[in-house]
Amino acid sequence: AVRSRLAPPIILPRVFHLRMGASGCYSPDELHGLGLARVGEGVHIDRSVRFFGAERIRIGSNVRIDAFSVLSAGSQELTIGNHIHIAVGVRFLGGDRVVLEDFCNLSAGVCVFGSNDDYSGGALTNPTIPDDYRRVTTGPILLRKHVIVGANSVILPNVTLDLASSVGALTLVNKSIPEFVIVSGNPMRKIGMRSSTILENEKRFLADIAGAAERNA
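This structure is a prediction, so every number in the text was calculated from the model and none was measured. (Residues numbered from 1 in each chain as written. Predicted model: local features only at pLDDT ≥ 70, side-chain atom pairs only at ≥ 80, totals over all residues. Heavy atoms only, no water.)

## Examining the pattern of salt bridges
Then, in step 1: Applying the stated rule across the entire model yields 10 salt bridges.
Then, in step 2: For the salt bridge of Arg58 with Glu77, the shortest nitrogen-to-oxygen distance reads 3.0 Å. Pair noted here: Arg58 is in strand 4 (residues 57-59) and Glu77 is in the loop between strand 6 (70-72) and strand 7 (78-80), with a separation of 19 residues, a long-range link.
Then, in step 3: Note on Glu77: relative accessible area 27%, which makes it partly exposed.
Then, in step 4: In this structure, Asp131 and Arg134 form a salt bridge, with 4.0 Å as the shortest nitrogen-oxygen distance.
Then, in step 5: The exposure class assigned to Arg134 is buried, which follows from its relative accessible area of 18%. (Salt bridge = Lys/Arg side-chain N within 4 Å of Asp/Glu carboxyl O. Helix = DSSP H or I, 4+ residues; strand = E, 2+ residues; numbered from the N terminus. Buried < 20%, exposed > 50% of the residue type's maximum accessible area, 1.4 Å probe, protein only.)

So this is what it looks like as structure tokens:
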């Protein structure tokens, strides 16, 4: 007789969901007590999130910021729009103005740098050194509506990620990205185009919200 061979069992790794820490989220009253320039409605921020320059940070409505993220505003404002998700361990290290328009999504470990030291010249580096000995590039960063940035990507100063552009994981974004373009890698390169259907879905979504509000009025 021929014995049937059974495939060895597949052992899946344990998945750890680090979306919200054990301490939970700030209450609305606590959020308003942080000294932020603005906080909208329906905002869920894990208590482990750190804020620096809170008086220059504006947060819209329906925003979720997961555990261990750092939001540090530079000399200009850090503005976060509506319906935005900032995943675990995202860092905003501001130097200039940073804006996230509505419906943006930053995956785990993304770094957004509003300033950047010179890595190639003879200037000294790091903030313990007086500015006269350093050469720091500082510039604004703009993420237009529906931008999505994959895990552990790095965004450098003086770039615009245009409408519905998409960034693959582990990408170095050191130049602007046109609308609907999908990029990936280091060096960053175009790998495709995103569907404009997302704009139709946005309209339907907002219409549904407006309809629900009217029915509940």
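## Here's the deal with the sheet that holds strand 20 (residues 172-173)
The strands making up a sheet associate through backbone hydrogen bonding, with each pair oriented either parallel or antiparallel.
Then, in step 1: With parallel pairing, 6 strands are arranged side by side in an open sheet as 3-6-9-12-17-20. The sheet is open, and its two edges are formed by strand 3 (50-52) and strand 20, each paired on a single side. (Pairing = 2+ DSSP bridges.)

## Points about the nonpolar core
Proteins that are soluble and globular tend to have nonpolar side chains buried together.
Then, in step 1: Counting 40 residues, the largest nonpolar core has Phe51, Ile59, Phe92, Leu143 and Leu161 as the members making the most contacts within it.
Then, in step 2: The residues contacting Phe51, other than those within four sequence positions of it, are Tyr26, Leu34, Leu36, Ile45, Ile57, Ile59 and Leu71. (Core = buried A, V, L, I, M, F, W, Y, C linked by side-chain atoms within 4.5 Å. Contact = heavy atoms within 4.5 Å.)

## A look at the sheet that holds strand 8 (residues 84-86)
Then, in step 1: Strand order in the open sheet formed by 8 strands is 2-5-8-11-16-19-21-22, with mixed pairing between adjacent strands. Among the strands making up the open sheet, the edge pair consists of strand 2 (43-45) and strand 22 (189-193).
Then, in step 2: In terms of strand pairing, strand 2 meets strand 5 (residues 63-65) through 3 bridges, oriented parallel. Across the sheet, Ile45 pairs through a bridge with Ile65, a residue of strand 5.

## Thoughts on helix 2 (residues 197-216)
Then, in step 1: The terminal C-alpha atoms of helix 2, which comprises 20 residues, lie 29 Å apart, in line with the 28 Å expected from a rise of 1.5 Å per residue.
Then, in step 2: The complete set of buried residues in helix 2 reads Ile198, Glu202 and Gly211. (Expected span 1.5 Å × (residues − 1).)

## A closer look at the pairing of strand 21 (residues 181-184)
Then, in step 1: The two faces of strand 21 differ: Val181 and Val183 on one face are buried, but Ile182 and Ser184 on the other face are not.
Then, in step 2: Here strand 19 (residues 166-167) runs beside strand 21; their pairing, made up of 2 bridges, is parallel. By the bridge assignment for strand 21, Val167 is matched with Val183.
Then, in step 3: Looking at chain direction, strand 21 and strand 22 are connected through 4 bridges and run antiparallel. When the sheet's bridge partners are listed, Ser184 is paired in strand 22 with Arg189.
Then, in step 4: Between strand 21 and strand 22, which pair antiparallel and follow one another directly, the connecting turn spans 4 residues, one of which, Gly185, has a positive phi of 100 degrees.

## Thoughts on the confidence of the model for the protein
Then, in step 1: Chain-level pLDDT for the protein is 91 on average; 89% of the residues reach the 70-or-more range.
Then, in step 2: Low pLDDT, under 50, characterises residues 1-22; the predicted model gives this stretch 15 contacts beyond four residues in sequence or across chains. (pLDDT = per-residue confidence, 0-100.)

## Re the environment of Leu78
Then, in step 1: Inspection of the secondary structure puts Leu78 in strand 7.
Then, in step 2: On the basis of relative accessible area, Leu78 is assigned to the buried category, the value being 2%.
Then, in step 3: Between the alpha carbons of Leu78 and Arg58 there is a distance of 6.3 Å; along the sequence they are 20 residues apart.

## Let's talk about the side chain of Ser69
Then, in step 1: Tracing the chain through its elements places Ser69 in the loop between strand 5 and strand 6.
Then, in step 2: A relative accessible area of 0% means that Ser69 is categorised as buried.
Then, in step 3: Within polar-contact distance, the side chain of Ser69 engages the backbone oxygen of Ala87 at 3.0 Å.
Then, in step 4: With residues up to four places along the chain from it excluded, the contact list for Ser69 reads Ser48, Val49, Arg50, Ile86, Ala87, Val88, Gly89 and Val90. (Polar contact = N/O pair within 3.5 Å; in protein donor to acceptor, adjacent residues only side chain to side chain.)

## Description of a nonpolar patch on the surface
Then, in step 1: Together, Phe205, Leu206 and Ile209 make up an exposed nonpolar region whose accessible area comes to about 230 Å².
Then, in step 2: Positionally, Leu206 belongs in helix 2.
Then, in step 3: Judged by relative accessible area, Leu206 falls into the partly exposed class, the value being 37%. (Patch = residues over 30% accessible without salt bridge, like charges linked within 9 Å, V, L, I, M, F, W, Y side chains within 5 Å. Areas by Shrake-Rupley, 256 points an atom, 1.4 Å probe, with all protein chains shown as cover.)

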